[in-house]
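Here are the chains, one letter per residue:
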Amino acid sequence: MFYYVLKYVLLGPLLRLVFRPRIEGLEHVPATGAAIVAGNHLSFSDHFLMPAILKRRITFLAKKEYFTGPGIKGRLTAAFFRSAGQIPVDRTGKEAGQAAIREGLGVLRKDELLGIYPEGTRSHDGRLYKGKVGVAVMALKAGVPVVPCAMIGTFEAQPPGKVIPNIRPVTIRFGEPLDFSRYAGMENEKTILRAVTDEIMYAILSLSEQEYVDQYAAVAKAEEAAAKAEQGRRYPRLPLR
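Keep in mind that what you see is a predicted model, and the values were worked out from it rather than measured.

Novice: Would you take a moment to explain the packing of helix H6 (residues 134–142) against helix H8 (residues 190–208) for this structure?
Specialist: Each pair of packed helices can be described by the angle between their axes along with the distance between the axes. Axis separation between H6 and H8 bottoms out at 8 Å; the angle between their running directions is 105°. One finds that H6 runs roughly perpendicular with respect to H8. Of the residues in H8, those touching H6 at Val135, Ala136, Val137 and Leu140 are Ile192, Leu193, Val196, Thr197 and Ile200. In terms of residue class, the contact of H6 with H8 is built from 8 nonpolar, 1 polar and no charged.

As structure tokens, this is what we get:
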């Protein structure tokens, strides 16, 4: 119930006012039945913009940290995400990927829309990174189409670390559903999963026209952080007098 209050009364109208989203290809999202909407992930606001413009309810797998923050702010954030129907997923440990797949398949079994970011985390520099194969596993196991989606302009509107977004228009572009029924029963074959994932990422890339990086976003972030730390050790800032 609160999901629709957010969508139509509280958050949806505000998002439309701030971002003035231009919607392209909305007809590609199935009106009924289970489907996966797989998109690029450029901004915290992506979580809310897509649900605000879709006619159907969509459930995202959200990182567990959104539900476990400390203090009043943490409790309010957790309550907000739960009320919006988002599912917490632990992204650490060996079982993290399997837990996400189980939760996602549970959504699809109810003939609902599942939203997923195959990159696994937000892009820190606006580029599109290599997709993780979990989206392929769910698509093949559930036998559902995958609708590619591109968020365009949300990185500039609210880049990582920016709390209050810039007021500027964005575009949300959906592509034709991808059918992977030809791979039915092959969800345990690594080469097939990689091929399916790459096809999904190429469809997203074609819609978003981002620069592509054949590396996982989390790895790229870690390498960049390590490089900055090393630079800080080599060239420490001198104290101001």
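Novice: For this particular structure, what's the right way to read the packing of aromatic side chains?
Specialist: The geometry of an aromatic ring pair is captured by two quantities: the separation of the ring centres and the angle between the planes. If you walk through the whole model with that rule in mind, you get 2 aromatic pairs. Seen in terms of ring centroids, phenylalanine 60 and tyrosine 117 are 5.3 Å apart; in terms of plane orientation they differ by 20°. Their pairing is stacked. Remark: tyrosine 117 occurs in the loop between strand S5 (113–116) and strand S6 (128–129) and phenylalanine 60 occurs in strand S3 (residues 58–63); sequence separation between them is 57 residues. Judged by its relative accessible area of 11%, tyrosine 117 falls in the buried class.

Novice: Explain the pairing of strand S7 (residues 146–152) to me, please; I cannot follow it from the model alone.
Specialist: Note on strand geometry: in a regular strand, side chains alternate between the two faces of the sheet. Extensive coverage of S7 is indicated by the burial of 6 of its 7 residues. Bridge analysis of strand S2 (residues 35–39) against S7 gives 4 bridges, and the strand direction is parallel. Across the sheet, residue isoleucine 36 finds its bridge partner in S7, namely valine 146. In terms of strand pairing, S7 meets strand S8 (residues 171–174) through 4 bridges, oriented antiparallel. For cysteine 149, the partnering residue across the bridge sits in S8 and is phenylalanine 174.

Novice: Is there a simple way to think about the packing of helix H2 (residues 12–19) against helix H3 (residues 46–53) in this case?
Specialist: Interaxial distance between H2 and H3 falls to 10 Å at its minimum, and their mutual angle equals 105°. Taken together, the axes of H2 and H3 are roughly perpendicular relative to one another. Between H2 and H3, the residues in contact are Gly12, Leu15, Arg16 and Phe19 and Phe48, Leu49, Ala52 and Ile53, respectively. In terms of residue class, the contact of H2 with H3 is built from 6 nonpolar, 1 polar and 1 charged.

Novice: Looking at this model, I keep getting lost on the environment of alanine 52. Mind explaining?
Specialist: Assignment of secondary structure puts alanine 52 in helix H3. For alanine 52, a relative accessible area of 9% translates into the label buried. As for alanine 52 and leucine 11, which are separated by 41 residues in sequence, their C-alpha atoms are 7.8 Å apart.

Cut-offs and rules
Residues numbered from 1 in each chain as written. Predicted model: local features only at pLDDT ≥ 70, side-chain atom pairs only at ≥ 80, totals over all residues. Heavy atoms only, no water. Axes fitted to C-alpha atoms, helices over the stretch in contact; angles between N-to-C directions. Helix = DSSP H or I, 4+ residues; strand = E, 2+ residues; numbered from the N terminus. Parallel < 35°, antiparallel > 145°, perpendicular 65-115°, else oblique. Contact = heavy atoms within 4.5 Å. Nonpolar A, V, L, I, M, F, W, Y, C, P; charged D, E, K, R; others polar. Phe/Tyr/Trp six-rings, centres within 6.5 Å; stacked < 30°, edge-to-face > 60°. Buried < 20%, exposed > 50% of the residue type's maximum accessible area, 1.4 Å probe, protein only. Pairing = 2+ DSSP bridges.

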